[in-house]
Amino acid sequence: MKKPFEIVILSGKGGTGKTSVTAAFASLAKHAVFTDCDVDAADLHLVLSPDIYQQEEFSSGAKAVVDTDKCTSCGLCKDVCRFSALAYSGDIPVIDEYACEGCGLCSIVCPVDAITIENYNNNHIYFATCRFGPMVYGKLGIAEENSGKLVSKIRQYARELAQKHHAEIIITDGPPGIGCPVISAVTGSDLVLAVTEPTMSGWHDLDRLIEMIGGFKTPVFVVINKYDLNEEMTRVIEGNLLAKNIRVIGKIPYSDTMVLALLEAKTINEFDPSGYIAGELTRIWETITLTYEQNK
Amino acid sequence: MKIAITSGKGGTGKTTVSTGLFHILNRYLKHHVQLLDCDVEEPDCHIFIKASKTAVYPVNLLIPEINANICTFCGKCKAACAFNAIVMLPPAKFIEVSADMCHGCGACTYVCPENAITEKHKSIGQVSHFDYYAKDEFIEGRMHIGSALQTRVIRETITHARQQGVILFDSPPGTSCPVIATVSKSDYVVMVTEPTPFGLNDLILMAETVKQLGKKHGIVINKAGLNYKPLYDYITQNNIPLLGEIPFRKELASAYSKGEIVAESSPEIRSLFEGITKKILFETSLNS
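Residues numbered from 1 in each chain as written. Chains lettered and ligands numbered in written order. Predicted model: local features only at pLDDT ≥ 70, side-chain atom pairs only at ≥ 80, totals over all residues.

1. What to know about the overall build of chain B
Looking only at helices and strands, chain B features 10 helices and 11 strands. Principal axes of the C-alpha set define a box for chain B whose edges measure 70 × 40 × 40 Å. Counting across all 288 residues of chain B, residues that qualify as buried make up 50%. Considering only intrachain contacts with a sequence separation of at least 6, the fraction spanning at least 24 residues in chain B is 75%. (Helix = DSSP H or I, 4+ residues; strand = E, 2+ residues; numbered from the N terminus. Buried ≥ 20, exposed ≤ 12 C-beta atoms within 10 Å, placed from the backbone. Contact = placed C-beta atoms within 7 Å.)

2. Some remarks on the nonpolar core
Residues B:L168 and B:V190 are the most contacted members of the largest nonpolar core, which totals 142 residues. Among all residues touching B:L168, those that are not within four sequence positions of it are B:I3, B:I5, B:S18, B:L21, B:F22, B:Q34, B:L35 and B:L36. Judged by nonpolar contacts, the second largest core, of 27 residues, contains A:L105, B:C102, B:C105 and B:A116. (Core = buried A, V, L, I, M, F, W, Y, C linked by C-beta atoms within 7 Å.)

3. So, the interface of chain A and chain B
Between chain A and chain B, the residue contacts involve 50 residues of the former and 50 residues of the latter. Those elements giving two or more residues to the side of chain A that touches chain B turn out to be α4 (105-109), α6 (180-186), α7 (200-214) and α9 (257-263) of chain A. With 7 residues, the single largest contributor to the side of chain A that touches chain B is α7(A). Of the residues assigned to the side of chain A that touches chain B, the class counts are 24 nonpolar, 16 polar and 10 charged. (Nonpolar A, V, L, I, M, F, W, Y, C, P; charged D, E, K, R; others polar.)

4. Remarks on the sheet that holds strand β10 (residues 169-173) of chain A
Two orientations exist for strands paired in a sheet by backbone hydrogen bonds: parallel and antiparallel. All names here are of chain A. On the basis of which strands lie adjacent, the open sheet formed by 9 strands has the order β3-β8-β9-β2-β10-β1-β11-β12-β13 and mixed pairing. In this open sheet, the two edge strands, each paired with only one partner strand, are β3 (51-58) and β13 (247-252). Averaged over all pairs of adjacent strands, the angle between strand axes in this sheet comes to 20°, irrespective of strand direction. In terms of strand pairing, strand β11 (residues 191-196) meets strand β12 (residues 220-225) through 5 bridges, oriented parallel. The residue of β12 that forms the bridge with V192 is V220. Across the face of the sheet, α7 comes into contact with β1 (5-10), β11 and β12 while running at roughly 170° to β11. (Pairing = 2+ DSSP bridges. Axes fitted to C-alpha atoms, helices over the stretch in contact; angles between N-to-C directions.)

5. Some points on the domain arrangement of chain B
Considered domain by domain, chain B is made up of domain 1 (2-49 + 132-287) and domain 2 (61-123). Placing a centre on the C-alpha atoms of domain 1 of chain B and another on those of domain 2 of chain B gives a separation of 41 Å. (Domains from an automatic or database assignment.)

6. A few points about the sheet that holds strand β6 (residues 117-131) of chain B
Residue and element names in this part refer to chain B. Read from one edge of the open sheet, 9 strands run β3-β6-β7-β2-β8-β1-β9-β10-β11, paired in mixed fashion. On the outer flanks of this sheet lie β3 (52-66) and β11 (242-247), each paired with one strand and no other. Put simply, the sheet's adjacent strands are angled 20° from each other on average, direction ignored. Across the sheet, helix α1 (residues 14-28) lies against β1 (2-6), β2 (33-37), β8 (166-170), β9 (188-193) and β10 (216-224), angled at about 165° from β8, the strand it touches most. Across the sheet, helix α7 (residues 197-212) touches β1, β9 and β10, and the angle it forms with β9 is around 170°.

7. Description of the domain arrangement of chain A
Here chain A is partitioned into domain 1 (5-58 + 146-295) and domain 2 (61-120). Here the C-alpha centroids of domain 1 of chain A and domain 2 of chain A sit 41 Å apart.

8. Some points on the confidence of the model for chain B
In this model, chain B carries an average pLDDT of 94, and 99% of its residues clear a pLDDT of 70 or more. Across chain B, the secondary-structure element scoring lowest on mean pLDDT is helix α10 (residues 267-287) of chain B, at 91, and the one scoring highest is β9(B), at 98. (pLDDT = per-residue confidence, 0-100.)

9. Concerning the packing of helix α1 (residues 18-28) of chain A against helix α11 (residues 276-295) of chain A
Residue and element names in this part refer to chain A. As a packed pair, α1 and α11 sit with axes 10 Å apart at the nearest point and diverge in direction by 75°. Here α1 lies roughly perpendicular to α11, going by the angle between them. On α11, the residues that touch V21, A24, F25 and L28 of α1 are L281, T282 and W285. In the contact of α1 with α11, the residues fall into 6 nonpolar, 1 polar and no charged. (Parallel < 35°, antiparallel > 145°, perpendicular 65-115°, else oblique.)

10. Digging into the pairing of β12(A)
Residue and element names in this part refer to chain A. Most of β12 sits out of view: 6 of its 6 residues are buried. A two-sided burial pattern is seen for β12, the buried positions comprising V220, V222 and I224 on one face and F221, V223 and N225 on the other. Read as a crossover between parallel neighbours, the route from β11 over α7 to β12 is right-handed. Two strands pair when backbone bridges link them, and β12 and β13 are joined in this way by 5 bridges, in the parallel orientation. Paired with N225 across the strands is I252, a residue of β13. Crossover connection from β12 via helix α8 (residues 231-243) to parallel β13: handedness right-handed. (Right-handed = clockwise from strand over helix to strand, strands pointing away.)

11. Topic: the environment of A:F5
Residue and element names in this part refer to chain A. As for its position among the elements, F5 is in strand β1. Note: C-alpha distance between F5 and K70 (65 residues apart in sequence) is 54 Å. Non-local contacts of F5, meaning those with residues more than four positions away in its chain, are made with E168, I169, D190, Y292 and N295.

12. With respect to the environment of B:D131
All names here are of chain B. Relative to the assigned elements, D131 resides in strand β6. Judged by the 14 C-beta atoms lying within 10 Å of it, D131 falls in the partly exposed class. C-alpha of D131 to C-alpha of K50: the two residues are 81 residues apart in sequence and 9.5 Å apart in space.

13. Comments concerning unusual backbone geometry
Within the chain, A:D113 stands out as a residue other than glycine whose phi angle is a positive 50°. With respect to the helices, strands and loops of the structure, A:D113 is situated in the loop between α4 and β7 (115-120). The phi angle at B:K93 is positive, at roughly 50°, despite the residue not being glycine. Secondary-structure assignment places B:K93 in the loop between β4 (86-89) and β5 (94-97).

14. Points about α7(A)
Every α-helix carries 3.6 residues per turn, so stepping three or four residues along brings you back to the same face. If you check α7(A), its first and last C-alpha atoms are 21 Å apart, about what 15 residues at 1.5 Å a residue would give, namely 21 Å. Looking at α7(A), one finds that the buried residues are A:S201, A:G202, A:W203, A:D205, A:L206, A:R208, A:L209, A:I210, A:M212 and A:I213. (Expected span 1.5 Å × (residues − 1).)

Next up, the structure:
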């Protein structure tokens, strides 16, 4: 079977409407698998209300742990640590678990084997079914390392689910920013849909995102959400994207509908199917499906 | 006094609040207020704080280079690397460090019995100082595009903070390691949220994180107006101080879109931000 077509919805800046757009696509797509890779603040499930049928723990990082009974307070561990994650409280080394990256050098240098590296299994992956189809999503444990490993794992499971259910498309709600989890979300994707807003910050952040994606050669489409909040800025963004040969495939006006739909845990296309925004989102989705058909 | 401005959900108004507080505090406490933009993936404060750069400091990582002519392919470095950053093919006499995966911990260099590894600086970001009200009052951390070590850039940025006065950290969104790097170095946490189910869901994650770190905290509701009862119930039930509410208005959204400081957009909004500032100062003084 052919590899499923993978679409990831990103934005650079947070709060531009990624999840509302993703949810709308969920109600429009046929034969799709849905994933939420914004594992830091996963919200898609609030709209799709999935029934979880299976979950598993996932380790995304490791931390050093000192056995104070064995420790001779020689100080070697503190000297080699490049993350300033070791400090002495009197004679006892204390690990700053938020600074420790789990590299294990302290454990290698310790002459009395007093330091071990322990995995943290504080993250979860959920397998679920929602009213639009199969869904897999993750939730990061509090203060866990968002290393992108969890994102990669969720996407791997999504591909397996797609095989099993003969789904042709995977729709992923991505994380904000341009760091590690975003890089993991873009790797191997067939299309990035970037949702932006007509603000200087929206453009600044989108521009950085586009440059980051440039390294992957993944095609990018843009949707400008709340475009009428500053139409002049919308034109500036359109002009800048034109110069970069990136298509704006839709513009959504500001409306309370987005929030009102959310309050009822519905997608916009379920909440107000004949409204202007639902129509625009349908048109955007058709553009994406056409691109996918061409890639077949 | 270090104050982190955070939000679980992105786009709730962290930068609106932090640039607003920076302005108001500067008026009261001349030259004793510093703003650090710690959202190094997408640093936006400079759009609102229009200032000239006075200095740029690179953020470097020590990346190992393995000399394949000296290397005996014993595999000790590969075994020591916790990040799978070393690629080794002994039959082809090939060994290389994948710089994107490397955390620069130095374990490979330490274990190499042949001294075949040397370390070179690789830039992953930069910390810029700006001349605003006074020198170094605004500092920005910025990760290079393509790097995946945002937390390292944040930690380095925070080392540029002064030791005195009020320091504001504009934090990245979320609740994972980049946020912890910011929040764990602060004395007080302002959590910015919006009255929607997404806003509340992510606020709860943020509040749990902040409680786990044992930090004093309060809430600012941005884009207020939608009377979303579950949010207000949550705040009351958990007894978290509500520092203030910024109304949703198209003119505020428009001021923000143009890169204007929202707190200075009208006398009414300014006095609202003054109220939030006073509450924060009151809450933090209770701490000491």
